[in-house]
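# Inside the fold
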Amino acid sequence: MRLRSVYREAIILGGLALALCVVVLVTGRAKPRDTGSDEVSLIQVDASSVRQIALHRGSQELRFVRTADQWQCRNCDWQPRQAILNRAAHQLHRLVARERIESPADAQRYGLGASRVQVELVEESGQVYRVNVGDLTPSGISYYVAMDGYPDVYVVKRAAVEFAHAPLPDFQHDRPFQHHSGTVERVVARRADDVHQWV
């Protein structure tokens, strides 16, 4: 009788230990949710002091520089669309996180590995802020981001960094073609029935 009681206790304790292990594993692997917890300020600068915004997508870099309230693309041969860059500067100058995920073991799980987009904001003083933009959260209303050089992952509203994943044409001004002054020798317009040429 005593042996049966010890055996029963061993089974109960083993079951409890197994249940505890399952709970620890499940909660440790669960993806974070948008909880609306205390906000964390990631970037807080004066909007008028933003002088550059750069996007690093793999080996591609787009660097936009603002002079006299006009954005120019430093390393491309087209004029940028002003509205998307003004909106980006406005969103970034007060970048706030909704949630913090402290030192996650695998940042790639949040899209912050090789596929991330790095956004660089440069102030007039020369201060540089780098934000790595990862995947959308499962709810689709926020993005995962990380500040370059810091281990934590943050959840920010979608509108704050969505421009980082925008296709290239969204950044280009709507003009049929671009040219540099003094380099055009001739313009030719062709239609099915005739050709016009200006020299």
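Residues numbered from 1 in each chain as written. Predicted model: local features only at pLDDT ≥ 70, side-chain atom pairs only at ≥ 80, totals over all residues. Heavy atoms only, no water.

Following the criterion strictly, the structure yields 1 disulfide and no others. For Cys 73, the disulfide goes to Cys 76, at an S-S distance of 1.8 Å. What makes Cys 73 buried here is its relative accessible area of 10%. (Disulfide = S-S within 2.5 Å. Buried < 20%, exposed > 50% of the residue type's maximum accessible area, 1.4 Å probe, protein only.)

What follows deals with the sheet that holds strand β8 (residues 142–147). Spatial strand order, β1-β5-β9-β8-β7-β6-β2-β3-β4: 9 strands in an open sheet with antiparallel pairing. The open sheet terminates on both sides in strands that have one partner only, identified here as β1 (40–44) and β4 (70–73). The sheet shows a mean angle of 30° between the axes of neighbouring strands, taken without regard to direction. As judged from the 7 bridges shared by strand β2 (residues 50–57) and strand β6 (residues 117–123), these two strands associate in the antiparallel manner. Note on β6: the bridge partner recorded for Ile 53 is Leu 121. (Pairing = 2+ DSSP bridges. Helix = DSSP H or I, 4+ residues; strand = E, 2+ residues; numbered from the N terminus. Axes fitted to C-alpha atoms, helices over the stretch in contact; angles between N-to-C directions.)

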